[in-house]
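Chain by chain, the residues run as shown.
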Amino acid sequence: MRLISISSGKVMPLFNSHHPNYSSVASAIDKKSNSNLATPTPIKITRLGIAGDEQADLSVHGGLEKAIYVYPIEHYAFWNELLTRETKKQVDLPLGAFGENFTIEGLLETEVYVGDRLQIGDLEFTVTKLREPCFKFNAKMKHKGAAKAMLQSGFSGWYLRVNQMGMLTAGAEIAVFPGERLTSIADQNKALFNRGNQTNLWD
């Protein structure tokens, strides 16, 4: 298990046709990889996440409990195939494409539980909850069914709380220290999907 990429972004207008009331909304979902296996640059991690990273809506992203958003690189193939099929154009998503801060390898939603601690390099984090997609994700993916596809697939990724601040570099090894193991990220995803009232997905 290892950290493949560290990405961050700034708040900017996100133009979309995937919400009935907005033609443009503010978002920082457009993240760029600042440290990756090809260019392993050290990046500063604070209590609120990656230094310099921004979030547009702090009610749903960011803060101490959602300081870092993690996404497994294993899911990229699923999205590349889906979006290529839907858009009729070849899609090869870049690192950070899902708005994630950490792109990781070797750890999936079925294997991660709320309360687990992750040791990444010299730093420590705690798993807090899944990422819930909304219409901004549809706009970013340029596909009106993207948010629903994230829920249906269970490929949501998850948020981390920062327990130990410091510098982190892509390529760092990841170790998992289990918590109570009562609720996995996959369990949270299934519960959210089964609620059946995802009015903010706008598909």
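Notes on the structure in this doc start here.

Quick notes on the rules
- Residues numbered from 1 in each chain as written.
- Predicted model: local features only at pLDDT ≥ 70, side-chain atom pairs only at ≥ 80, totals over all residues.
- Heavy atoms only, no water.
- Phe/Tyr/Trp six-rings, centres within 6.5 Å; stacked < 30°, edge-to-face > 60°.
- Helix = DSSP H or I, 4+ residues; strand = E, 2+ residues; numbered from the N terminus.
- Buried < 20%, exposed > 50% of the residue type's maximum accessible area, 1.4 Å probe, protein only.

Some words on the packing of aromatic side chains
Consideration 1: This structure, assessed with the given rule, holds nine aromatic pairs.
Consideration 2: Taking 6.4 Å as the distance between ring centres and 65 degrees as the angle between the ring planes, the aromatic pair formed by Y71 and Y76 counts as edge-to-face.
Consideration 3: An angle of 90 degrees between the planes, with centres 4.9 Å apart, marks the rings of Y76 and F98 as edge-to-face. One end of the pair, Y76, is in helix α1 (residues 76-87); the other, F98, is in the loop between α1 and β8 (102-105), and 22 residues separate them in sequence.
Consideration 4: A relative accessible area of 6% places Y76 in the buried class.
Consideration 5: Taking relative accessible area as the criterion, F98 reaches 0% and is therefore assigned buried.
Consideration 6: Through successive ring pairs, a cluster of aromatic residues spans Y69, Y71, Y76, F78, W79, F98, F155 and Y159.

Here we look at the environment of L83
Consideration 1: Mapping L83 onto the fold places it in helix α1.
Consideration 2: Look at L83 and you get buried, because its relative accessible area is 2%.
Consideration 3: In this structure, the C-alpha to C-alpha distance between L83 and A146, residues 63 residues apart in sequence, is 8.6 Å.

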